[in-house]
Every structure is written in C-alpha cells, then in structure tokens.
Amino acid sequence: MRLLHLLMFIACCTAAHAAPADIIYDQPLCAKAGSELIAEGSLVTTGLATLVLRIDDIKSNTYATRVNLERTLSAGRFHWHVPLDGLRTSGGGSLNGCAIKRMMLFIAAGEGTLSLEKFETTQVAGRTDGVFAYDLGPDNSPLMSGFSRLSSGDSALSGAALHDIRRPGPDALIGDGVSGIEQVHLNVPNGRWRVTLWTEDPGEWEALPHPFSRKITANGTTMLDVNLTYDQWVVERYLAGKLRRYQFGDTAWQAIGRHRGGRVEAIVNILDGSLNLSLSGDTPQAGFLSGIVVEPDNSNFARETEKRRERDFNELWRIVAPQQTNTPPKVAPNQNTELLEVTIAPDTGAHASFVLDNKDWPADTKIMLGDQADINIHAIFWQSIPQLVRSSGASTSLMVTDTHLLAIPEGGMGMGAGLTKYVMWISASSPTKPGKYVVPVKLTSSANSQTFEIPVEVLAATLPPVEKPSGFYLDEAPHVMWAQRPTIARDRQLTCDQQFLLLLGITGNAPAITTPTADKLPAFVADIQRAQELGIVLPALAYAPAKRLFASVDGAAFTASLMAADALAERAVNHALIWSLADEPSNADSTSNSLLMLAHTLKKLRPVLRFAGHFNAKGDEQYAADLDTILVNPGFGVDAPELTALLGDKEIWLYNMERPRLAAGLFLHSSRAVRYLQWHARMPTADPFDPTDGREDDFQMFLPSRNNCPVQPDINKAMLDMAEGLVDQRWLLWMETQTSPEATALIARWKAIASQPWANLSKTPEIANSFRREVVELARHLNVSP
C-alpha cells in the first residue's frame, strides 16, 4: 500500500515532543483479525516519559474519536505489542479496524529522545489446526490474538442472566468476559482433550465480584469447586495480595500478573462429539468466563497464551526506580540506638523508623513492643511490606514502595526476609513531664530474647492547636458493605476509622455521609453527629451526598430534599455542611455541570446553603460564581497570587497534594487556603492490592482487613506524613509566639521558605525534617526543655 506520508525518524528524533512515527494512509488500512502493531526502540530520558500511540479511523476528527494509548517509560529499550482487534476510542466508541487512516507515536509528557527501530503491523500466527480457542466478551472488545469471539448472544452459551462485560484493564483475554453463564456447548471431536478456562472477573472501580460459591464441570469432570463463607472469601481472595512482598528482580508479571485470571485446566475425554461446561453458584457472577481453550493433550496453545499475556503485561507495566530517600538506621544486636531518638512535645507525636536484617537474628525471631515503663508515652508499631504501586495515579509505570504498613500485634510478628523496615508513631499524652524516656522493642526466638530501646525526649514546649486542619475523604470500605449485616458493620468501621485519625491529630476529614433521601434522613443525621463526636472539624465537606441525591431523584424532589437535609444538619450539629457540587468541571468526563446550574436557584431558596467545587485545571474558575468554597490542587494552581487573581476572596481549601507532610504543615500554614483534604481514605480499585486492575491506582490510607475495627489498623505511611505535617504546623504557630532574636530570625527564614511556590517546595520533601530539627534546637536553646 502506498503511503501519502511516512515520517519515521529512526534514531534521529532530538526534539522532546517530536513524533518519530507518523503514518498517514492514502487508502485506509484494513487490519485483518489477529493483527498487531509492533513498536520497538529506545528511549533516552532522565526521568519518566509518557509515550502516546494515536490511531485514527476514517471517522476520527477529535481526541474523543480516536484511540490514544499511553505508556509511561523510563530510559532504555522498549517493546510494545498492540492488538488491533477491538480497540476503543478515548470517548468509548469502537475504532473501525478496517478503516485506519493514521497511526502516530510520540512523547506527550516528560523530556526525552525516542529512537524507533520498528513500527509496523504484523499478522500474529494463529492457533494450529485442532485447537479451539474462544475469547469471551462483547463483540467490540479487544480480541486475544489467535482466539475467536464468543459473546452473550452466541448459541453456544446459555443462562438466564447472560451479560457481556468489558473491564478497563488492557489484558485482551481477561479484560472482558461473559457472566451469568450456566451452560457452554461446543462441538469438539471425540478424544482426549486439555480444557483450559480463565474464570476470574477482575472487577472495576471499587467492585471486585465476590461469588462465594462456584462450581464448573466439563463433561462431568470438576474443574473448579469453591464454597466459602464471607469471612473466608475476604481472607482467601480479597486480602490475598496483602502479604505478597515484592522480591527484588521480580517482573510485574511475577509480582502481580500471574496471580490474575483464575486459570484452571483439566483433561477431559469426549465421547459424543461435544464439550459441555456447566457453571453454577450463588450469583450470576459465579457463571463468569473470559477465555476457553480446548486442545489436544500434547498441545501447548493455552500455555503459550499465558506467555503472550506475560509478555504484554511486562511491556505495559514497567518497573522504575523510585526517588531515593533517606535510609532508616539499621539496628543490629547489642547496637546503640541513639540515632533513632525521637523528640516531641506533649500532646504531639512523631514517627520513627529503623531496619532489621533477618541475617542478624534467629530464623524464628518475632518482633513486638516491649512493656512500656511510663504510661504517658505511647507507641504504635508497624512492619513495612514492599509492594508495587503506580508511579502516579494513571501511570503505566510501577515502582516499589515501602508505604504499606502492617500492624504488629501484641503477640508479635515474624521478621521479614532480608532487610525489613519498621515504623512507629510515638506520642506523649498531655501533661507529660519534660525529660528522657524510652520505647522498648523486644525480639524473641526459641533460642533467646533481646530488647533494644528507642530514646524519646519530651520537651517542655506547649504547642498551640492546629489552626488549619487537614484530613482525608472518608468512605465505607467496599468489602465491609458485602457483609451479611452491612449497616452495623459500616457504622462500626466508620467509627473506628475516625477514632484512629483523631488519635493521630487528623481532624479535618470529609466524613462519609448517607445520601439524604427521605427514607435515609435518620442515617444522614447520625453520620454527621458521629463526625462531630469523633472530633471532625465542622463545617465538614459533604463530598458525595448532593451528587448522589441529584442522581437518584428528579429536580423538584432534589431541591426539597437538599434544603430539608441542610436544615436537619444545622439543627443536629449547629453547623451547616459544605455541599460539594462539582468535581473538576472542566474535565471531559465531568458530570457536574447540570448540578452546578442549580446552585444559584438553591441559594435563593435557602441563602445559608454552602456549596463547594473541586478545581484541577485552568478554566474551572468560570464555575466559581455560586460556590462558597473552592478546593484546588496543583493542576489548577495553589499559590497565593494566582488564587487571588482567579478566585478573588473565595474560601480556599487544598486537595490532592503530592506531599502530605509539606501540604499539611509548612505550605498550608503560609497559604491562603484554610484546610487540606487528601483523596482517599478508602478507595481500592477492585483488588485492593493490584495497582494494575483499574483506570488508576488504589487510593487507600486504611488498608482493608478481615476485622473492620482492628485494635490497630494497617495503613499507608502517607497517613503518618499528614500527621507529621500537622505537628509541623503547630511548631510554626509556637515559633510565632517566641520573641527572642534567635526565634525572630528563624521565623523569618522559615516563613520565606514556606512561602515559595509549591512547585519548588514540593521538590524538596526532606525540608520538613530540616525544619523540625531547627525548631527543636531553638526550643532547647530557649531552655523550654531542662
């Protein structure tokens, strides 16, 4: 086929965002079934760069009408295989694979040079004769190369609730499927066959399908037989990834991908020319399949399919090195632990971390807190579990993190393999006498036991309370709502979450609030009263209720219900709520604008109503007129001059800042903003320990657990970072009460540092530690500590 243009700058692309491949066809390309686009080359970049593959068909004329696939890559060689069957446009439509007019590869974000060695379409070798391979799902979803489509309308499938499913994950085989299957009938010659099924629905958003009983047979041979209680399912499936430690050198497939898909296989003898699969269980989700392969016993097609899935998974999910941070001190037997000293004021806390090497201790060693001599010193203890997360919310690169913290129970926890990090939150209740204290850490084994001590210094300084609160968006834990008694379980979980945040001094949270429909008003009021009782600073942001109410009732009922709910809230807690109406309204997928249009009318009917909106892009300010509180993040701009120019005298909050400690402390103190909220205390995406199974990463400060109200929760370390930031803010307030020349000079210097633009401040997160060290030294110098 002749090309109108073929611009392929092989090994010569020097401009950061130039397109090393841009092919425009004078006659549309018709990609045959099983075709793939292969891109191979090298990327030179100092950080991360986002590559975009753009594919247009003859009807494409906007971003939403073409395919835009992204890869986030670090420097080095890359391979990218893209099946051309079933591609979807950014607007959700289907790309016409037999009418492709343009394919383009370019760097969209980040600095770098891309050198291409191959950018071409190829026909993937199909399955061999005598192999039956079916990729289940809707007709317009990606088709695994070498497979045939089997959708809910096919006569081979039967069931009372058949339903085609398409998931956001890019895996062509397990990213789609059919649920509600009761029978599959396939014509297969007599003989001995290996039958392979992919049985797992990977879920979407926070929903992970949870059939508790499932049975699949093939001509009477049992291939899958599961019968679990809710508690068993939570432990064996929902929390399965919680204890998986990333092992150095593992690929993304080894760490994550190989655990997904639910592949089962069995040898089946066929005597009557047909294979009959029977599926049963407690819900239609029990009848889910994403793939079927029937092959001779000596064939390897299903296993080769797994190898292709592994190749594709590792191409997409590249593991990049995280930014280097300070390594905590390593504690060896009989070692002095002065480097671990924690300095705090009464009614505050700080985190301490250290590393142990299991080579230094017997194999059966357990670690736990020792008996605390002084009841005013409190310690909470976690073990850090290395796991993979996305390098940013929607990135396709993964990095190893040590932010997943598992609570160490009273009876201790076994040591991790190799070097393992441990984290503590150490606090002093008020009043606590100034002086030196210790927190004991005990290591026990069958051979012996040893205790080492973490020094704690308590200063005599009395810190003012926080002026600008920070917190998280709270919500129901999805798996708790699947329990047999969801209302009781939900209320217990929300209470315990808020109690723990209060323990850390985190009180600026947006509470989970029931949608105030007429039948739910008592629950709505109870949620607000619980928030007040557990220390959440009011007025609180009602993040979801207005939007959910708007989606559930008509316009007149919405207006009446919202005004009634606001009046009830005011009577219940003496503070009006701040109702969130708009989530990032300039985004292409925003559904906020219809609700925003009602704000002016609602305020005329009830002038005390307070409304809020989340702005993450320039241009969102056009929606500010009828909003009282504007939440901004760095995408919109968070620096004072910019906010004043765009939003005038509106009340400003920060949200979704990259560095919780800096945002809650130094920056918030000097900012125009009066509060800071971070998304999200509980928003796992389907599997809570698989960062690859949704449109974005998991956002969860509370890691899910079997017990919805544990003595001590498993958490993300970012929760402790926010708590540290709030203590930093209190030290800043304390500094401002000091009048000595040394204090005046230090205050002026740190005010200047804290007032710099967020883009500069956020690049130096370690600056918060420097601030704390200097202010503590100031406190000692002023003799507020003996």
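Below is a summary of the structure that appears in this document. (Residues numbered from 1 in each chain as written. Predicted model: local features only at pLDDT ≥ 70, side-chain atom pairs only at ≥ 80, totals over all residues. Heavy atoms only, no water.)

Right, let's get into the overall build of the chain. The secondary structure content of the chain amounts to 15 helices and 40 strands. At 29 Å, the chain has a C-alpha radius of gyration in line with the 28 Å of a compact globule built from 786 residues. Dimensions of the chain, computed from the C-alpha atoms along their principal axes, are close to 90 × 75 × 65 Å. Relative to its 786 residues, the chain shows a buried fraction of 56%. Long-range pairs, those at least 24 residues apart, make up 73% of the contacts in the chain between residues at least 6 apart in sequence. Summing over all exposed atoms, the chain offers an accessible surface of approximately 32900 Å²; the carbon and sulfur share of this is 52%. Averaging the coordinates of the 70 positive side-chain charges in the chain and doing the same for the 87 negative ones gives two points 1 Å apart. (Helix = DSSP H or I, 4+ residues; strand = E, 2+ residues; numbered from the N terminus. Rg over C-alpha atoms; globule rule 2.2 N^0.38 Å. Buried < 20%, exposed > 50% of the residue type's maximum accessible area, 1.4 Å probe, protein only. Contact = heavy atoms within 4.5 Å. Areas by Shrake-Rupley, 256 points an atom, 1.4 Å probe, with all protein chains shown as cover. Lys, Arg positive; Asp, Glu negative; His and termini not counted. Charge placed at Lys NZ, Arg CZ, Asp CG, Glu CD.)

Before going further, it helps to spend a moment on the packing of aromatic side chains. The geometry of an aromatic ring pair is captured by two quantities: the separation of the ring centres and the angle between the planes. Scanning all chains against the criterion turns up 24 aromatic pairs. The interplanar angle of 90° and the centroid separation of 5.4 Å between the aromatic rings of phenylalanine 354 and phenylalanine 452 together place this pair among those described as edge-to-face. Here phenylalanine 354, found in strand β23 (residues 348-357), pairs with phenylalanine 452, found in strand β30 (residues 449-458); they are 98 residues apart in sequence, far enough to count as distant. Across the pair, exposure class does not vary: phenylalanine 354 and phenylalanine 452 are buried alike. Consider the rings of tryptophan 750 and phenylalanine 771, whose centres lie 5.2 Å apart with planes at 75°: the pair is edge-to-face. Here the residue tryptophan 750 occupies a position in helix α13 (residues 741-754), and phenylalanine 771 occupies one in helix α15 (residues 767-781), the gap between them amounting to 21 residues. Just as tryptophan 750 is buried, phenylalanine 771 falls in that class too. One residue, lysine 547, lies across the ring of tyrosine 543, its end atom 3.9 Å from the ring centre. The lysine or arginine in question, lysine 618, covers the ring of phenylalanine 636, its NZ or CZ lying 5.6 Å from the ring centre. (Phe/Tyr/Trp six-rings, centres within 6.5 Å; stacked < 30°, edge-to-face > 60°. Lys NZ or Arg CZ within 6 Å of the ring centre and 35° of its normal.)

The subject of this paragraph is the nonpolar core. The biggest cluster of nonpolar side chains holds 92 residues, and the ones touching the most others in it are Trp382, Trp579, Val632, Met719 and Trp731. Ranked by residues supplied to this core, first place goes to helix α12 (residues 718-735) with 11 residues. Sequence-distant contacts of tryptophan 731, that is, excluding residues within four places in its chain, are made with Ala345, Leu459, Ala461, Leu463, Phe771, Arg772, Val775, Val776 and Ala779. (Core = buried A, V, L, I, M, F, W, Y, C linked by side-chain atoms within 4.5 Å.)

The subject of this paragraph is helix α1 (residues 230-238). What α1 keeps buried is the set Tyr230, Trp233, Val234, Arg237 and Tyr238. Buried residues of α1 fall within an arc of 105° about the axis and therefore sit on the same side. (Arc of directions from axis to C-beta.)

Right, let's get into the state of the cysteines. Tallied over the full model, the rule gives two disulfides. In this model, cysteine 30 is linked to cysteine 98 through a disulfide, with the two sulfur atoms separated by 1.7 Å. With the S-S bond torsion at -95°, the cross-link from cysteine 30 to cysteine 98 turns out left-handed. In this pair, cysteine 30 sits in the loop between β2 (21-29) and β3 (35-44) while cysteine 98 sits in the loop between β6 (76-83) and β7 (100-109), placing the two residues 68 residues apart along the sequence. Put simply, cysteine 496 and cysteine 709 are joined by a disulfide, and their sulfur atoms are 1.7 Å apart. (Disulfide = S-S within 2.5 Å.)

On to helix α11 (residues 660-670). Among the 11 residues of α11, 10 are classified as buried, and the element is accordingly described as predominantly covered. Within the span of α11, buried status applies to Pro660, Arg661, Leu662, Ala663, Ala664, Gly665, Leu666, Phe667, Leu668 and His669.

This part is about the sheet that holds strand β17 (residues 221-227). Strand order in this open sheet of five strands is β11-β14-β19-β16-β17, and the pairing throughout is antiparallel. The open sheet terminates on both sides in strands that have one partner only, identified here as β11 (157-158) and β17. Note: strand β16 (residues 213-218) against β17, six bridges, orientation antiparallel. Its bridge partner being in β17, alanine 218 is matched across the sheet by threonine 221. (Pairing = 2+ DSSP bridges.)

All right, on to the pattern of salt bridges then. Counted according to the given criterion, the structure contains 52 salt bridges. Two residues, aspartate 171 and arginine 309, come together in a salt bridge whose shortest N-O distance is 2.8 Å. One end of the pair, aspartate 171, is in the loop between β12 (163-166) and β13 (176-179); the other, arginine 309, is in helix α3 (residues 301-316), with 138 residues separating them in the sequence. The pair formed by aspartate 171 and arginine 309 is uniform in burial state, with each residue classed as buried. As a salt-bridge pair, lysine 436 and glutamate 457 come within 3.7 Å of each other at their nearest N and O atoms. Note that lysine 436 is positioned in strand β29 (residues 435-444) and glutamate 457 in strand β30, a separation of 21 residues in sequence. Glutamate 457 gets classed as buried once you look at its relative accessible area, which sits at 6%. A network of salt bridges, in which partner residues are shared, links Asp171, Arg192, Arg194, Arg263, Glu265, Asp297, Arg303, Glu306 and Arg309. (Salt bridge = Lys/Arg side-chain N within 4 Å of Asp/Glu carboxyl O.)

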